[in-house]
Amino acid sequence: MPAARASLLDAAATALARRPWSAVRMVDVAAAAGVSRQTLYNEFGSKDGLARALVRREADGYLAGVERALGSSSEPGERLTATAEWTAAAARDNAVVRALLTGCWSERLPVPALVGAPSPSSVPAQRRADEPLPTPGDFLREVRDRAVSALTAPAPTAALPSATTARTAATAPGYTTARAPTARADRSTSTSAAELTRSCELVVRLALSCVAAPPGKGGMAELVRAVLPRRTG
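As the structure is a computational prediction, the values presented were derived from the model and not from experiment.

This part is about the overall build of the protein. Helix and strand content of the protein: 11 helices and zero strands. For the protein, the α and β elements follow one another from N to C terminus as α-α-α-α-α-α-α-α-α-α-α. Looking at the protein residue by residue over its 233 residues, the buried ones come to 34%. Across the protein, the fraction of contacts at a sequence separation of at least 24, relative to all contacts at a separation of at least 6, is 68%. Surface summary for the protein: the accessible area is close to 13,600 Å², and the carbon and sulfur share equals 55%.

Right, here's the structure in full:
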């Protein structure tokens, strides 16, 4: 993102923290960012365009935090706990993120349309900002699916044994060949995947409920453990 665009979005976010969006003036945003008003309009097109870009940046920042949380540990319960804690904290501390995740837009906030329209902008970043925003349900499914993917990603494979090692192992006492998976095993795997998907969705829903009623110290981890499949706990 060009430096001027980033500075303008920072200035807009600061202005929004101090006053309702309806009272935020483009000339003040440009002055705070140290650029001309023409640069502001060239970048965003209008105040509505600036609002869409600001909301899009907050949405991207939230999802980037989800990725960091999911990569914070090798233990599934800790990864989901970190994701839940990040979701609750982001929604609690950032009014735009809270509105994105809950659909509750206060009168202080810009309310970009969820239905996009063809963007007239020649700025690639603005064309993306002008696209339809995800709904709260979209965010829930996105975070759930990212969590499932992170928890089911295959572990790094070990080096394959040499042909000599394989022949030696095959002639060793007690050696048995691996059996092909059975239909029962396939059904078990399918059931486990469905359970994990359901658990990941419950974790996201729990995190959002904790915005209104934060748990005590260590409470989020206890909530996550309660909904995890036993095999990942």
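The subject of this paragraph is the side chain of Arg79. Locating Arg79 in the fold gives a position in helix H5 (residues 76-93). Among buried Asp, Glu, Lys and Arg side chains, Arg79 stands out as unpaired, with Glu67 the closest opposite charge at 8.2 Å. For Arg79, the residues in contact, after removing those within four places along its chain, are Ala69, Leu70, Ser72, Ser73, Ser74, Ala150 and Leu151.

By size, the foremost hydrophobic cluster in this structure holds 55 residues, and its most contacted members are Trp21, Val29, Leu40, Leu50, Tyr62 and Leu80. Those residues in contact with Leu40 that lie beyond four places of it in its chain are Leu8, Met26, Val29, Ala30, Gly45 and Leu50.

Once that is clear, we can look at the confidence of the model for the protein. Mean pLDDT over the protein works out to 84, with 79% of the residues at or above the 70 mark. Ranking the helices and strands of the protein by mean pLDDT puts helix H2 (residues 26-33) first, with 97, and helix H9 (residues 163-170) last, with 50.

Looking now at helix H4 (residues 47-70). In this model, H4 (24 residues) spans 35 Å end to end at C-alpha, consistent with the 34 Å of a helix rising 1.5 Å per residue. Looking at where H4 begins, the residue whose side-chain oxygen comes 3.4 Å from the main-chain nitrogen of Asp48 is Ser46.

Applying the stated rule across the entire model yields two aromatic pairs. Their ring planes at 10° and their centres at 6.5 Å tell us that Tyr62 and Trp86 sit as a pair that is stacked. Of this pair, Tyr62 sits in helix H4 while Trp86 is found in helix H5, placing the two residues 24 residues apart along the sequence. Through successive ring pairs, a cluster of aromatic residues spans Tyr62, Trp86 and Phe139. Against the face of Trp21 rests Lys47, its NZ or CZ located 5.3 Å from the ring centre. Note that Arg68 overlies the ring of Trp86, its terminal NZ or CZ placed 5.7 Å from the centroid.

Definitions and limits used
- Residues numbered from 1 in each chain as written.
- Predicted model: local features only at pLDDT ≥ 70, side-chain atom pairs only at ≥ 80, totals over all residues.
- Heavy atoms only, no water.
- Helix = DSSP H or I, 4+ residues; strand = E, 2+ residues; numbered from the N terminus.
- Buried < 20%, exposed > 50% of the residue type's maximum accessible area, 1.4 Å probe, protein only.
- Contact = heavy atoms within 4.5 Å.
- Areas by Shrake-Rupley, 256 points an atom, 1.4 Å probe, with all protein chains shown as cover.
- Lys, Arg positive; Asp, Glu negative; His and termini not counted.
- Salt bridge = Lys/Arg side-chain N within 4 Å of Asp/Glu carboxyl O.
- Core = buried A, V, L, I, M, F, W, Y, C linked by side-chain atoms within 4.5 Å.
- pLDDT = per-residue confidence, 0-100.
- Expected span 1.5 Å × (residues − 1).
- Polar contact = N/O pair within 3.5 Å; in protein donor to acceptor, adjacent residues only side chain to side chain.
- Phe/Tyr/Trp six-rings, centres within 6.5 Å; stacked < 30°, edge-to-face > 60°.
- Lys NZ or Arg CZ within 6 Å of the ring centre and 35° of its normal.

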